[in-house]
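Notes for the structure review
Okay, here's what each chain looks like letter by letter:
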Amino acid sequence: MAPIPGSGLAKGLAVTLRTMTKKSVTAQYPDAQPDLPPRTRGVIGLFEENCTVCMLCARECPDWCIYIDSHKETVPAATPGGRERSRNVLDRFAIDFSLCMYCGICIEVCPFDALFWSPEFEYAETDIRELTHERDKLREWMWTVPAPPALDPGAEEPKELATARKTADKLAAQQAPPVTEPHADEQARAAEQPTRPQGDSKQQTDQPKPDESGPDQPRRGGSRPDEPRPDQSTPGEEGRE
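Residues numbered from 1 in each chain as written. Predicted model: local features only at pLDDT ≥ 70, side-chain atom pairs only at ≥ 80, totals over all residues. Heavy atoms only, no water.

Before going further, it helps to spend a moment on the side chain of Ser118. Mapped onto the elements, Ser118 comes out in strand β4 (residues 115–118). Under the relative-accessibility criterion, Ser118 is labelled buried at 0%. Excluding residues within four positions of it along the chain, Ser118 makes contact with Thr40, Arg41, Gly42, Val43, Trp141, Thr144 and Val145. (Helix = DSSP H or I, 4+ residues; strand = E, 2+ residues; numbered from the N terminus. Buried < 20%, exposed > 50% of the residue type's maximum accessible area, 1.4 Å probe, protein only. Contact = heavy atoms within 4.5 Å.)

Once that is clear, we can look at the sheet that holds strand β3 (residues 85–96). With respect to topology, 3 strands assemble into an open sheet ordered β2-β3-β5, the strand pairing being antiparallel. The open sheet terminates on both sides in strands that have one partner only, identified here as β2 (66–75) and β5 (132–133). Examined bridge by bridge, β2 and β3 share 10 bridges and lie antiparallel to one another. By the bridge assignment for β3, Tyr67 is matched with Ala94. (Pairing = 2+ DSSP bridges.)

Moving on to the layout of surface pockets. Computed from the structure, the largest pocket encloses a volume of approximately 780 Å³. Along its surface, the largest pocket is lined by 17 residues, and Phe116, Trp117, Pro146, Pro148 and Pro149 are the ones closest to its centre. Among the elements that make up the lining of the largest pocket, the one with the highest residue count is β4 (3 residues). (1 Å grid on protein atoms, 1.4 Å probe; cavity = no way out; pocket = protein on both sides within 12 Å on 5 of 7 lines; lining within 4 Å. Points joined across faces, edges and corners; volume = space filled by probe spheres on them.)

Right, let's get into the pairing of β3. The sheet contact formed by β3 and β5 spans 2 bridges and is antiparallel. In the sheet register, Ile95 faces β5, and the bridge partner there is His133.

This brings us to the nonpolar core. Counting residues in each nonpolar core, the largest one holds 26 residues, and the members touching the most others are Ile44, Ile66, Ile68, Phe93, Ile95, Phe97 and Leu115. Elements with a contribution of two residues or more to this core: β1 (43–46), α2 (56–60), β2, β3, α3 (105–109) and β4. Ignoring sequence-local partners within four residues, the contact set of Leu115 consists of Ile44, Gly45, Leu46, Cys57, Phe93, Cys106, Ile107 and Cys110. (Core = buried A, V, L, I, M, F, W, Y, C linked by side-chain atoms within 4.5 Å.)

A few words on the packing of aromatic side chains. Counted by the stated rule, this structure contains 5 aromatic pairs. Through successive ring pairs, a cluster of aromatic residues spans Phe97, Tyr102, Trp117, Tyr123 and Trp141. (Phe/Tyr/Trp six-rings, centres within 6.5 Å; stacked < 30°, edge-to-face > 60°.)

With that settled, the discussion passes to a nonpolar patch on the surface. Taken together, Tyr29, Leu36 and Phe121 make up a surface patch of nonpolar side chains, about 270 Å² in accessible area. Checked against the element boundaries, Leu36 lands in the loop between α1 (7–20) and β1. According to the relative accessible area criterion, Leu36 is partly exposed, its value standing at 34%. (Patch = residues over 30% accessible without salt bridge, like charges linked within 9 Å, V, L, I, M, F, W, Y side chains within 5 Å. Areas by Shrake-Rupley, 256 points an atom, 1.4 Å probe, with all protein chains shown as cover. Salt bridge = Lys/Arg side-chain N within 4 Å of Asp/Glu carboxyl O.)

What follows concerns unusual backbone geometry. Here the bond from Tyr29 into Pro30 is cis, since omega is 10 degrees, no more than 30 degrees from zero. Residue position: Pro30 is located in the loop between α1 and β1. With a phi close to 55 degrees, Val53 is a non-glycine residue in the positive phi region. Mapped onto the elements, Val53 comes out in the loop between β1 and α2. Its identity is not glycine, yet Asp113 carries a phi of approximately 55 degrees, on the positive side.

Neither face of β1 is open: one carries Val43 and Gly45, the other Ile44 and Leu46, and all of them are buried. Note that β1 and β4 share 4 bridges and pair antiparallel. Each bridged residue has a counterpart across the sheet, and for Ile44 the counterpart in β4 is Trp117.

Below, the structure is given as structure tokens:
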């Protein structure tokens, strides 16, 4: 069956009319910042303290866009009689992002977690030579690296965290002041003192003392201070006898 003349134009106009009635989904960048997923591959950050200059990232990079320079230093022996050791010291770590194809191989092969993905992507330059980021610039990107996702509640704690926690607890125990125990005599004296109930102490405080009674009030014996006791005799009676 031969196509009807002008049917293609009608179909195109129909698509245009349907699109015109729909709401626009265009994000007005840079006024509206995009909501990026947490694993966005933007730029690579360097955590310099973890780098051991093993050169794995530079050797595995398909584009050869990672440049590393280092030198060796001799570390003196930690104990008397020990031998000296040598270590690699990082001098230069640079990534040419004009050549990088963002494959992430360098991050995957790093055995000491020195390279991380950052979601930042706004680092365009007018000069292509400015796209080679040295280690100072790569370290600044580390501040934009998102935190790692939380572990599953049933997962085991990483060995690094367990080791760090044990070390911190050990240092805290060494720095804590020693607990002084009370003297043995003080412990014995505290054990000999009887414990009084609260009701007895209150009753003793409420009762008047003997010295507080007036001259007209009888004492506990029932006699006044000027009355002689039965067993005592007056001076006149001794002379009469």
